[in-house]
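Chains, contacts and geometry: an overview
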Amino acid sequence: MVPSPGAPPAGVVPVGVVPVGYAAELEQFHPRDAIDYAAHAESRGFQGTMAADHFQPYVPRQGQSSFVWNVLAALGERTRGDIGPGVTAPSYRYHPAVVAQASATLEAMYPGRHWLGIGAGEALDEHVVGGYWPEAPERINRMFEAIDVISKLFTASVAGRDVKHSGTFFKLESTRLWTMPPTPPPIYVATAGPVTAKRAGRTADGLITVGAPLEKIAGLFARFDEGAREAGKDPSRMPRILQLHLSWAETDEEAMANALTEWPNGGMRFPKADIRSPFEFEQIAKMVRPADFEGRMIVSADPDTHLAHLQRYADLGFDRIYLHNVGRNQREWIDVFARDVLPKLRR
């Protein structure tokens, strides 16, 4: 694919420009299509790809849910920017040792390009293995113990020695990762909660969050910074990453129709981590109305409206932003944003 005029080489971000990547929603697109869209986005100036890790789509209409680690490897071949899962839960479907091995292998194959995004998980994806689905505090504790296991494996394997772990939720017999890059991939924790953000600052390398009121995110940053400083780290050197869902189409009516039919979960104003089935989401989606997206997701045909919204997050201090347009009109959206939005977004 031929880059658009003036587009920077992949991985090169001009001074003063906020890197904007492509969010590949694998619950919505066939993996070949998602990879093609990511490659097209990069050719138009998007920087990097965040690929969703789900076992099921949110609603049946979305229609897909491919295995993220296969897709990330293919993205490594087809693109040149950064690649990472947004996000994986190393606690239920995966033992943290398996996630550590997958991540280390990806970084060994594509040095300097891979980051490991970790979250506490959703029942939609994790209950499928038949285990007990715990309450939120336990899910968070499991996540941080999993990060401990992964970090131990990374550190020991780089040093060429074995490590073991015996904790509340996980056990690891003495072992190491035999395919290990010289530098482990960074670990970023996804959260929208201040308590978890502080723990993430202490234990992780960066923070991932989603669109929310600016004052809430500012509080999240403050707690993340506090945790980082307690651990003797410099928070200014730790990436803050935003994943943002939006709906752009050629008309406002089409943009709203896409939001309602393709991404109704974006208009559900309640925690969704305990919902287990796409068919349950489908029933709830019948109650979603256009007003439910207000304050949660920009739905507009006007690129300037999207730019103004993005600029507010850039001004808040995000280091990277990954965008997901909820419609099927991916190529058209990529081209419009590459021309009218990305070049105008400034730090």
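What comes next is a walk through the structure. (Residues numbered from 1 in each chain as written. Predicted model: local features only at pLDDT ≥ 70, side-chain atom pairs only at ≥ 80, totals over all residues. Heavy atoms only, no water.)

**Observations regarding the overall build of the protein**
Filter applied, for reference: What counts as a helix is a DSSP run of H or I of at least four residues, what counts as a strand is a run of E of at least two, and both are numbered from the N terminus. Radius of gyration here is computed from C-alpha atoms only, and the compact-globule reference equals 2.2 Å multiplied by the residue count raised to the power 0.38. Only protein chains enter the calculation, and the probe is 1.4 Å; a residue is then buried if its accessible area is under 20% of its type maximum, exposed if over 50%, and partly exposed in between.
Helix and strand content of the protein: eleven helices and eleven strands. Relative to a compact globule of 347 residues, whose C-alpha radius of gyration would be 20 Å, the protein shows 19 Å and is just as compact. C-alpha extents for the protein along the principal axes are approximately 60 × 45 × 40 Å. Split into buried and exposed, the 347 residues of the protein put 55% on the buried side.

**Brief notes about the pairing of strand E5 (residues 163-166)**
Here is the rule: Strands pair, by our definition, only if DSSP identifies at least two bridges between them.
Of the two faces of E5, the one holding Val-163 and His-165 is buried and the one holding Lys-164 and Ser-166 is not buried anywhere. Of the strand pairs in this sheet, E5 and strand E6 (residues 171-175) are connected by three bridges, and their pairing is antiparallel. Across the sheet, residue Ser-166 finds its bridge partner in E6, namely Lys-171. Count of turn residues in the E5/E6 antiparallel hairpin: four residues.

**Focus: a nonpolar patch on the surface**
What counts is decided by this rule: A patch consists of residues exposed above 30% relative accessible area that lack any salt bridge, with like charges linked at up to 9 Å and nonpolar side chains (Val, Leu, Ile, Met, Phe, Trp, Tyr) linked at up to 5 Å. Computed with a 1.4 Å probe, the accessible areas rest on the Shrake-Rupley method; for each residue, only the protein chains presented here act as cover. Salt-bridge detection follows one rule: a side-chain nitrogen of Lys or Arg within 4 Å of a carboxyl oxygen of Asp or Glu.
Taken together, Phe-55, Val-128 and Val-129 make up a surface patch of nonpolar side chains, about 260 Å² in accessible area. Position of Val-129 relative to the elements: it lies in the loop between helix H4 (123-126) and helix H5 (136-158).

**Remarks on the nonpolar core**
To keep things clear, this is the line we draw: Remark: nonpolar core denotes a set of buried residues (Ala, Val, Leu, Ile, Met, Phe, Trp, Tyr, Cys) joined through side-chain atoms within 4.5 Å. When checking whether two residues touch, look at their non-hydrogen atoms; a contact exists if any pair is within 4.5 Å.
One finds Tyr-22, Phe-46, Phe-154, Leu-323, Trp-333 and Phe-337 to be the most contacted residues of the largest nonpolar core, which totals 75 residues. Among the elements that make up this core, the one with the highest residue count is H5 (nine residues). Here Phe-154 is in contact with Ala-100, Ser-103, Ala-104, Leu-116, Leu-177, Met-180, Pro-184, Pro-185 and Ile-187, once residues within four sequence places are set aside. Formed by 17 residues, the second largest nonpolar core is a distinct cluster that contains Ala-249, Met-256, Ala-285 and Met-297.

**Section: unusual backbone geometry**
At the junction of Gly-86 and Val-87, the peptide bond is cis and its omega measures out at -5° in the coordinates. Structurally, the position occupied by Val-87 is in the loop between strand E3 (83-85) and helix H3 (96-109).

**A closer look at the packing of helix H1 (residues 31-43) against helix H11 (residues 330-340)**
Note the cut-off: Angular values range over 0 to 180 degrees, each being the angle between N-to-C directions of two axes fitted as lines to C-alpha atoms, with helices fitted over their stretch in contact. Roughly parallel here means an angle under 35 degrees, roughly antiparallel means over 145, roughly perpendicular means 65 to 115, and every remaining angle is called oblique. Throughout, a crossing is termed right-handed when the near helix is turned clockwise from the far one, and left-handed when it is turned anticlockwise from it by less than a right angle. Lys, Arg, Asp and Glu make up the charged group, whereas Ala, Val, Leu, Ile, Met, Phe, Trp, Tyr, Cys and Pro make up the nonpolar group; the residues left over, Gly among them, are polar.
The geometry of H1 relative to H11 is characterised by a closest axis approach of 10 Å and an angle of 15° between their N-to-C directions. On the basis of the axis angle, H1 is roughly parallel to H11. The way H1 lies across H11 gives a crossing that is right-handed. Contacts from Asp-36, Tyr-37, His-40 and Ala-41 of H1 reach H11 at Gln-330, Arg-331, Ile-334 and Asp-335. The class makeup of the residues in the contact of H1 with H11 is three nonpolar, two polar and three charged.

**Quick notes on the side chain of His-324**
Operational definition: Polar contact criterion, stated in full: a pair of N or O atoms within 3.5 Å, where within protein one must be able to donate a hydrogen and the other to accept it, and residues adjacent in sequence count only if both atoms are side-chain atoms.
For His-324, the position within the fold is in strand E11 (residues 320-325). You can call His-324 buried: its relative accessible area is 0%. There is a polar contact of 2.8 Å between the side chain of His-324 and the side chain of Gln-28. Each residue touching His-324, except ones within four places of it in the same chain, is listed here: Ala-23, Glu-25, Gln-28, Leu-244, His-245, Leu-246 and Trp-263.

**Re the side chain of Gln-56**
You can see Gln-56 is positioned in the loop between strand E2 (49-51) and helix H2 (68-78). A distance of 3.3 Å separates a polar side-chain atom of Gln-56 from the backbone oxygen of Arg-276. With sequence-adjacent residues up to four places away left out, Gln-56 is seen in contact with Glu-27, Gln-64, Ser-65, Leu-124, Asp-125, His-127, Val-128, Arg-276 and Pro-278.

**Details of helix H9 (residues 278-285)**
Heads up, the rule is: The arc refers to the directions leading from the helix axis to the C-beta atoms.
Of the residues making up H9, those classed as buried are Pro-278, Phe-281 and Ala-285. Relative to the axis of H9, the buried residues are bounded by an arc of 55° and lie together on one face. Buried residues belonging to H9 abut H4. Taking the backbone nitrogen of Phe-279 as reference, a side-chain oxygen 3.0 Å away marks Ser-277 as the first, capping residue of H9.

**Some details on the packing of aromatic side chains**
Spelled out, the test is: The criterion for an aromatic pair is that two Phe, Tyr or Trp rings (for Trp, the six-membered ring) have centres within 6.5 Å, with stacked assigned to planes under 30 degrees apart, edge-to-face to planes over 60 apart and tilted to the rest. For a lysine, the NZ atom is tested; for an arginine, the CZ atom; a charge sits over a ring if that atom is within 6 Å of the ring centre and within 35 degrees of the ring normal.
For the structure shown, the criterion picks out twelve aromatic pairs. Judged by centre distance (5.3 Å) and plane angle (80°), the rings of Phe-29 and Tyr-37 are edge-to-face. Members of the aromatic cluster, connected to one another through ring pairs, are Tyr-22, Phe-46, Trp-333 and Phe-337. Here the guanidinium or amino end of Arg-176 rests over the ring plane of Trp-178, the centre of that ring lying 4.7 Å away. Across the ring face of Phe-221, the terminal group of Arg-240 is positioned such that the distance to the ring centre comes to 5.0 Å.

**As for the pairing of strand E8 (residues 206-210)**
Put simply, the test is: Look down the strands so they point away from you; if going from the first strand over the helix to the second traces a clockwise path, that crossover is right-handed.
The element E8 is extensively covered by neighbouring structure, given that four of its five residues are classed as buried. Direction of pairing for strand E7 (residues 187-190) relative to E8: parallel, over a ladder of three bridges. Of the residues in E8, the one forming a bridge with Tyr-188 is Gly-206. Regarding the hand of the β-α-β motif, the stretch spanning E7, helix H6 (residues 194-203) and E8 is right-handed.

Shape descriptors only; they carry no functional weight alone.
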